[in-house]
Amino acid sequence: MRKNIVAGNWKMNNDLKATRKLVKQIRKSIKKAELDNTRVIVAPTFVNLATAVKRAKKSKLEVAAQNMHQATNGAFTGEISADMLKSVGVKTVILGHSERRAYFGETDAILAEKVDAALSNKLEVIFCFGEELADRKTGKEETVVGSQIEKALFHLEADAYKKIVLAYEPVWAIGTGETASPEQAQDMHAFIRKTLADKYGNEVADSVSILYGGSVKPANAKEIFSKPDVDGGLIGGAALNSKDFYAIVSAF
Ligand code: PEP
């Protein structure tokens with residue numbers, strides 16, 4: 001059975017002290033929670049990953065990176081490789097976030113390389129994609145999302161999906177306070193699952209967790225997560241507050 005996942009993307013927030021504090025608070029809050037089928041993940045900045053991994057040890061909390069370079073090593077100033085993430089105990093990496101695509105020029109082709117590099121290093125990938133407002137207004141959301149998935153992931157063998165989590169994040173709903181309605185989320189998630197089923201068959205499609213991201217908060221999480229094809233959330237703003245984040249985790 002596929003897992004429910006609540007993952008907090010901290011973006012460029014939280015220095016070392018704040019990272020220690022937030023990891024401690026989240027670790028404590030989920031200690032007694034019944035999380036049989038739910039994974040809880042936080043993604044701090046690169047410099048604080050090692051600390052977060054150490055502080056999350058022997059708890060139910062997992063730690064992911066927000067990005068990764070596709071090369072093994074070399075002259076790529078400022079970049080971080082899969083090996084480096086693994087060496088500090090990170091097992092999951094977020095790839096394809098819309099902010100990486102918009103501000104750092106990450107294309108579907110680059111993302112396909114990043115996915116390959118992550119998987120060949122046995123890292124799990126939380127792969128993000130989603131349409132812009134103009135795409136939705138012109139009814140192109142499924143075409144855009146279908147193309148993002150196809151270009152970055154459809155070269156993979158079916159087996160690779162054991163290490164892939166998908167995160168549908170409509171760009172118009174990220175950090176805007178604007179949320180896709182639970183029905184809009186469900187419709188798109190069902191489309192994504194069908195896209196996977198058409199290419200790889202139902203078994204693969206049904207095994208992949210598909211997260212929704214875009215202004216999820218305690219007030220709307222329960223309704224969004226109640227939809228059959230929504231397996232959790234990628235959370236930005238609300239992941240920076242342990243009470244809000246735990247309230248979202250508790251929505252399952
Ligand atoms: C995100 O950046 O992945 C995100 C969903 O942000 P927010 O929850 O703040 O909209």
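Residues numbered from 1 in each chain as written. Predicted model: local features only at pLDDT ≥ 70, side-chain atom pairs only at ≥ 80, totals over all residues. Heavy atoms only, no water.

1. Examining the packing of helix α10 (residues 218-225) against helix α11 (residues 242-249)
Closest axis-to-axis distance for the α10/α11 pair is 8 Å, and the angle between their directions is 20°. One way to sum up the angle between α10 and α11 is to call them roughly parallel. At the point where α10 passes α11, the crossing takes the right-handed sense. For the pair formed by α10 and α11, the contact residues are Pro 218, Ala 221 and Phe 225 on the first element and Asp 244, Ala 247 and Ile 248 on the second. (Axes fitted to C-alpha atoms, helices over the stretch in contact; angles between N-to-C directions. Helix = DSSP H or I, 4+ residues; strand = E, 2+ residues; numbered from the N terminus. Parallel < 35°, antiparallel > 145°, perpendicular 65-115°, else oblique. Left-handed = near helix turned anticlockwise from the far one by under 90°. Contact = heavy atoms within 4.5 Å.)

2. Observations concerning helix α7 (residues 141-153)
End to end, α7 covers 18 Å across 13 residues, agreeing with the expected 18 Å (1.5 Å per residue, within 8%). Every buried residue belonging to α7 is among Glu 141, Val 145, Gly 146, Gln 148, Ile 149, Ala 152 and Leu 153, and all of these are buried. Mapping the buried residues of α7 onto a view down its axis gives an arc of 160°, with all of them on the same face. Residues of α7 that are exposed and angled more than 90 degrees away from the buried face: Thr 143 and Lys 151. Residues of α7 that are buried make contact with α4 (98-103), α5 (108-120), β5 (124-129), α6 (133-137), β6 (164-168) and α8 (182-200). (Expected span 1.5 Å × (residues − 1). Buried < 20%, exposed > 50% of the residue type's maximum accessible area, 1.4 Å probe, protein only. Arc of directions from axis to C-beta.)

3. A look at the site of the ligand
Near the ligand, the surroundings consist of 14 residues, among which Lys 11, His 97, Glu 169, Gly 175 and Ser 215 are the closest. One of the side-chain N or O atoms of Lys 11 is found 2.5 Å from an oxygen atom in the ligand. Relative to its unbound accessible surface of 290 Å², the ligand loses 95% to contact with the protein. Looking at the shell around the ligand residue by residue, the class counts come to four nonpolar, eight polar and two charged. (Near = heavy atom within 4 Å. Polar contact = N/O pair within 3.5 Å; in protein donor to acceptor, adjacent residues only side chain to side chain. Areas by Shrake-Rupley, 256 points an atom, 1.4 Å probe, with all protein chains shown as cover. Nonpolar A, V, L, I, M, F, W, Y, C, P; charged D, E, K, R; others polar.)

4. Points about the packing of helix α1 (residues 16-31) against helix α2 (residues 49-56)
Two measures define how a pair of helices packs: the angle their axes make with one another and the distance between the axes. Between α1 and α2, whose axes approach to 10 Å, the crossing angle comes to 25°. In terms of orientation, α1 and α2 fall into the roughly parallel class. Considering the relative orientation of α1 and α2, their crossing is right-handed. In contact with Leu 16, Thr 19, Arg 20, Val 23 and Arg 27 of α1, α2 contributes Thr 51, Ala 52, Arg 55 and Ala 56.

5. Section: the sheet that holds strand β4 (residues 92-95)
An order of β1-β2-β3-β4-β5-β6-β7-β8 is seen for the eight strands of this closed barrel, with the pairing classed as parallel. Going across the sheet, the axis of each strand differs from the next one's by a mean of 30°, ignoring polarity. As paired strands, β4 and β5 are joined by four bridges and run parallel to one another. By the bridge assignment, Ile 94 is partnered in β5 with Ile 126. (Pairing = 2+ DSSP bridges.)

6. Regarding the side chain of Glu 106
Turning to its location among the elements, Glu 106 is positioned in the loop between α4 and α5. A relative accessible area of 6% means that Glu 106 is categorised as buried. In this structure the side chain of Glu 106 is engaged in a polar contact, spanning 3.0 Å, whose partner is the side chain of Arg 100. Here Lys 114 takes part through its side chain, which lies 2.9 Å from a polar atom of the side chain of Glu 106. If we ignore the near neighbours within four places in the chain, the residues touching Glu 106 are Asn 67, Gly 96, Arg 100, Arg 101, Leu 111 and Lys 114.

7. Here we look at a positive patch on the surface
Residues Arg 20, Lys 24, Lys 28, Lys 31, Lys 32, Lys 54, Arg 55, Lys 57, Lys 58, Lys 91, Lys 122 and Lys 163 make up a contiguous surface patch of positive charge. The residue Lys 57 is located in the loop between α2 and β3 (61-65) in this model. (Patch = residues over 30% accessible without salt bridge, like charges linked within 9 Å, V, L, I, M, F, W, Y side chains within 5 Å. Salt bridge = Lys/Arg side-chain N within 4 Å of Asp/Glu carboxyl O. Lys, Arg positive; Asp, Glu negative; His and termini not counted. Charge placed at Lys NZ, Arg CZ, Asp CG, Glu CD.)

8. Some remarks on the nonpolar core
By size, the foremost hydrophobic cluster in this structure holds 69 residues, and its most contacted members are Phe 127, Leu 153, Tyr 161 and Leu 166. Counting residues per element, this core draws most heavily on α8, which supplies six residues. Ignoring any residue separated from it by four or fewer positions in sequence, one finds Leu 166 in contact with Phe 127, Phe 129, Leu 153, Ile 192, Leu 196, Val 208, Ser 209, Ile 210 and Leu 211. One finds Ala 7, Cys 128, Val 165 and Leu 211 within the second-largest nonpolar core, a separate group that totals twelve residues. (Core = buried A, V, L, I, M, F, W, Y, C linked by side-chain atoms within 4.5 Å.)

9. Section: the pairing of β6
Judged by how many residues are buried, β6 sits mostly within the fold: five of five residues are covered. Relative to β6, β5 runs parallel, the two being bridged by five bridges. Of the residues in β6, the one forming a bridge with Phe 129 is Tyr 168. Sheet topology note: the β6/strand β7 (residues 210-213) ladder contains three bridges and is parallel. Bridge pairing links Tyr 168 to Tyr 212 in β7.

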